[in-house]
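Coordinate analysis (summary)
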Amino acid sequence: MAVATDATSITVHARKAGFFRDTFAVARRAVRAMLRDLETVIPALCVPVFMFAVTVGALQDFAENIPGLDYRAFQLPVAVLFAVTGVSRAITVVTDIQTGYFDRLVITPVNRVALLLGLMMADFVLIVALTIPVVIMGFIVGVSFETGPLGIVAFMLLAGLWGLVYNGFPYAIAFKTGNVAAVNLSFLLFFPFLFMTTLFIPQEQMTPWLSTIADYNPVTYILAAERSLITDGWDPAVILYGLLSTVGVGVLSLFLALAALRGRATRK
Amino acid sequence: MSQEKDAIVTRGLVREFGPVRAVDGIDLSVRRGEIYGFLGPNGAGKTTVIRMLITLLSPTAGSIEVAGYDPVTQPDQVRLRIGAALQEAALDDKQTGRELLTLQGRLYGLKEREIASRMGDLTDLIDIGDAMGRMIGTYSGGMKRRLDLAAALIHQPEILFLDEPTTGLDPISRNRIFVEVGQINTNLGVTIFLTTQYLEEADALAHRVGIIDRGRLAAQGTPLELKHSRGSDLIIINLEAPVSDQALEALQSLPNVDAVDAHDSELTVSSGNGAALVSAVALKLNEMGVGVRELTLRTPTLDDVFLQVTGSRLQREEAGQEED
């Protein structure tokens with residue numbers, strides 16, 4: 001039998017790779033896995049197209065009785081949020097936990113935060129890529145951007161940022177529970193976010209109680225920022241509110257995800 | 001780090017899970033460069049001890065030193081110096097073998113050329129040829145175990161932890177891993193902390209053995225020392241019925257009998273000269289009308305030590321169970 005261990009060509013010294021190298025190493029693995037699992041992305045594309053078609057088909061004539069409302073432009077940000085929300089590698093975290101591979105990772109000197117951020121970096125690449133077909137769908141149905149090409153980029157990045165910060169929730173659930181079913185249910189968290197806001201009609205047309213809830217829903221401001229990029233041109237205040245709302249959700253979701261990761265990586 | 005220090009030292013190591021005390025005051029000293037076999041029945045606490053040693057679990061009480069560092073307060077120092085292959089090959093089925101080893105090398109801060117060089121060094125160990133470029137999900141159990149071992153060695157650790165590395169493998173794959181583990185120790189001087197359900201592996205490989213039972217270290221020593229503690233010869237008698245007190249007393253009264261142990265329907269007679277005693281034992285049992293199914297004379301094995309210490313034979317334990 002071959003003897004593997006009788007000589008080594010060089011002596012190596014293990015050392016901490018550093019935060020950025022760790023993050024990129026984890027991200028590379030995640031991107032590679034994503035490219036091999038493209039079939040899992042198909043639902044993320046079908047759902048927004050279906051929602052867009054059904055909502056516009058059902059409500060366009062009725063909604064466009066509201067003066068000045070282009071309902072296709074109004075619905076495009078909803079479609080993009082549906083496309084990017086919950087697209088994460090959280091299920092693979094659960095698989096890693098269940099197979100023991102997560103233990104193999106955490107007994108290396110890898111930076112713990114990099115284990116999360118590497119995955120989220122890969123998610124961001126996919127999320128932004130997913131906004132492209134939605135924007136193309138918008139063009140096909142005649143939506144145009146008042147803010148021009150730069151506005152399109154801003155539209156995609158803002159949606160991507162939302163998708164990214166939302167992912168903190170499924171990752172928190174994955175690290176905390178190590179359970180696939182629980183992670184799959186995390187998409188339900190998005191329902192109150194998206195349905196208790198200006199999903200179908202402008203806020204002024206909503207009943208007072210739902211309008212009040214929408215006031216406190218961060219997605220209201222993200223949708224407003226996205227819509228303003230399409231129909232109003234550059235409105236710094238609306239965009240700033242959208243960004244701040246995204247960051248606010250991000251602070252909460254990342255806090256939960258990092259706390260769950262810390263708990264998983266150092267089992268007290 | 002002092003070179004004179006033992007590779008692994010624990011003092012009064014305790015781990016509780018709620019009301020359950022899984023590890024109950026273990027004192028261990030594993031010398032640098034030795035293979036230490038850690039044996040115990042399922043649920044004895046072997047995996048819990050390993051998980052504390054490799055920074056995956058904090059102890060409830062007691063102290064640990066691995067490669068001269070405390071896994072609780074200096075986990076990264078420990079992680080840089082250890083490698084581990086845990087129960088079930090912990091791999092990612094959706095990477096190729098090459099990708100997995102490359103990622104592992106990067107996380108240990110190795111440069112790309114160092115990773116390439118180490119992969120070259122480990123090629124014979126992995127010995128899976130073109131399969132290095134194939135998805136790990138397509139590998140056989142033996143290939144996965146060897147890749148797991150290679151992943152644990154990519155950064156040339158000082159101490160290697162192997163938690164039942166051969167469980168569930170066919171005899172040929174088991175033997176290959178078994179031989180490689182010995183060579184890793186002999187040729188590279190890597191300290192190896194090994195748990196196994198196969199006592200013949202521990203007997204042949206380990207310089208010293210510790211037996212853990214119900215969270216406590218029940219016995220420790222070289223395999224030879226432990227086997228000598230059972231006497232030089234053993235007569236093993238399997239009876240047709242559970243052992244009676246009269247039979248036990250009758251055998252104990254025979255000349256040249258050092259000890260008689262009974263476990264269910266098995267009697268073990270220790271003696272300095274088993275060959276001279278075996279006929280006397282058979283006659284005495286026959287005289288008492290005790291039905292004998294089987295009677296064998298042999299030198300003690302680690303399994304006999306295990307039986308004496310834990311009250312059950314490890315070889316009869318159901319293999320492949322998660323213990324903690």
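Residues numbered from 1 in each chain as written. Chains lettered and ligands numbered in written order. Predicted model: local features only at pLDDT ≥ 70, side-chain atom pairs only at ≥ 80, totals over all residues.

1. Notes on the overall build of chain A
For clarity, the threshold we go by: Put simply, DSSP marks the helices as runs of H or I at least four residues long and the strands as runs of E at least two long, and each gets a number from the N terminus on. Any residue surrounded by 20 or more other C-beta atoms within 10 Å of its C-beta is treated as buried, while 12 or fewer makes it exposed and the intermediate range makes it partly exposed; C-beta atoms here are placed from the backbone. Throughout, a residue-residue contact means that the two C-beta atoms, derived from backbone geometry, are no farther apart than 7 Å.
Broken down by element type, chain A carries 13 helices and zero strands. Taken from the N to the C terminus, the helices and strands of chain A come in the order α-α-α-α-α-α-α-α-α-α-α-α-α. Burial status across chain A gives 43% buried among its 268 residues. Put simply, 79% of the contacts in chain A that link residues at least 6 apart link residues at least 24 apart.

2. Side note on the overall build of chain B
Assigned secondary structure in chain B consists of 11 helices and 13 strands. A buried classification covers 47% of the 324 residues belonging to chain B. Considering only intrachain contacts with a sequence separation of at least 6, the fraction spanning at least 24 residues in chain B is 70%.

3. Re the confidence of the model for chain A
Spelled out, the test is: A residue's pLDDT is the predictor's confidence in that residue, given on a scale from 0 to 100.
Taken as a whole, chain A shows an average pLDDT of 89; of its residues, 96% reach a score of 70 or greater. Low pLDDT, under 50, characterises residues 1–7 of chain A; the stretch is placed with 18 contacts to residues that sit more than four places away or in other chains.

4. Overview of helix H6 (residues 112–140) of chain A
Residue pairs spaced three or four apart in an α-helix point in one direction, given the helix's 3.6 residues per turn. Rules: Take the residue count of a helix, subtract one, and multiply by 1.5 Å to get its expected span.
Counted at 1.5 Å a residue, the expected span for H6 of chain A with its 29 residues is 42 Å, and the 44 Å between its end C-alpha atoms agrees. Directly beyond the C-terminal end of H6 of chain A, a positive phi value near 95° is found at Gly142 of chain A.

5. Focus on the packing of helix H1 (residues 19–36) of chain A against H6 of chain A
Residue and element names in this part refer to chain A. In plain terms, the rule: Where helices are involved, their axes are fitted lines through C-alpha atoms of the stretch in contact, as for all axes, and angles between N-to-C directions lie from 0 to 180°. What sets the label is the angle itself: under 35 degrees gives roughly parallel, over 145 gives roughly antiparallel, 65 to 115 gives roughly perpendicular, and the rest give oblique. Handedness of a crossing is defined here by the sense of rotation of the near helix relative to the far one, left-handed for an anticlockwise turn of less than a right angle and right-handed for a clockwise turn. For this classification, Asp, Glu, Lys and Arg are treated as charged, while Ala, Val, Leu, Ile, Met, Phe, Trp, Tyr, Cys and Pro are nonpolar and the rest, including Gly, are polar.
Between H1 and H6, the least distance of the axes is 7 Å, while the angle of their chain directions is 45°. One way to sum up the angle between H1 and H6 is to call them oblique. As for how H1 packs across H6, the hand of that crossing is right-handed. Together, Phe19, Asp22, Thr23, Ala25, Val26, Ala27, Ala30, Val31 and Met34 of H1 and Ala114, Leu115, Leu117, Gly118, Leu119, Met121, Ala122, Val125 and Leu126 of H6 make up the contact between the two elements. Of the residues in the contact of H1 with H6, the class split is 15 nonpolar, two polar and one charged.

6. Description of the sheet that holds strand S6 (residues 159–163) of chain B
All names here are of chain B. How we decide: Criterion used throughout: strands pair if DSSP finds at least two bridges between them.
Strand order in this open sheet of six strands is S5-S6-S7-S3-S8-S9, and the pairing throughout is mixed. Of all the strands in the sheet, the pair left with one neighbour each is strand S5 (82–85) and strand S9 (216–221). The average undirected angle you get between the axes of adjacent strands in this sheet is 15°. The sheet contact formed by strand S8 (residues 208–213) and S9 spans five bridges and is antiparallel.

7. With respect to unusual backbone geometry
All names here are of chain B. Even without a glycine there, the phi angle at Thr55 is positive, about 75°. Despite not being glycine, Asp264 has its phi angle at roughly 55°, a positive value. With respect to the helices and strands, Asp264 occurs in the loop between strand S11 (257–263) and strand S12 (266–271). Assessed through the 11 C-beta atoms surrounding it within 10 Å, Asp264 is described here as exposed.

8. Describing the interface of chain A and chain B
Taken together, the 36 residues of chain A in the interface contact 42 residues of chain B. Every element with two or more residues in the side of chain A that touches chain B is listed here: H1, helix H4 (90–99) and helix H5 (101–106) of chain A. Ranked by residues supplied to the side of chain A that touches chain B, first place goes to H1 of chain A with seven residues. Among the residues making up the side of chain A that touches chain B, the classes are represented as 15 nonpolar, eight polar and 13 charged.

9. Notes on the nonpolar core
Basically, it comes down to this: We define the nonpolar core as any set of buried residues of the types Ala, Val, Leu, Ile, Met, Phe, Trp, Tyr and Cys, connected via C-beta atoms lying within 7 Å of each other.
Residues Leu53, Ile159, Phe161, Phe193 and Leu194 of chain B are the most contacted members of the largest nonpolar core, which totals 150 residues. With 14 residues, H6 of chain A is the largest single contributor of residues to this core. Beyond its immediate chain neighbours, meaning those up to four positions away, Phe161 of chain B contacts Ile50, Leu53, Ile54, Ile82, Ala84 and Phe193 of chain B. Of all hydrophobic cores here, the second largest spans 11 residues; its members include Ile235, Ala247, Leu267 and Val281 of chain B.

10. Things to note about the pairing of strand S2 (residues 20–30) of chain B
All names here are of chain B. Inspection of the sheet shows strand S1 (residues 8–17) paired to S2 by eight bridges, in the antiparallel sense. What sits directly across from Val9, in S2, is Ser29. Taken together, S1 and the strand that follows it, S2, pair antiparallel across an intervening segment of two residues, in which Gly18 is found at a positive phi of about 60°.

11. Let's talk about the environment of Ser245 of chain A
Residue and element names in this part refer to chain A. Relative to the assigned elements, Ser245 resides in helix H13 (residues 236–265). Looking at Ser245, the number of C-beta atoms within 10 Å reads 21, which means it is buried. The spacing of Ser245 and Val80 is 165 residues in sequence and 17 Å in space, taken between C-alpha atoms. Excluding anything up to four places from it in sequence, Ser245 contacts Pro218, Tyr221 and Ile222.

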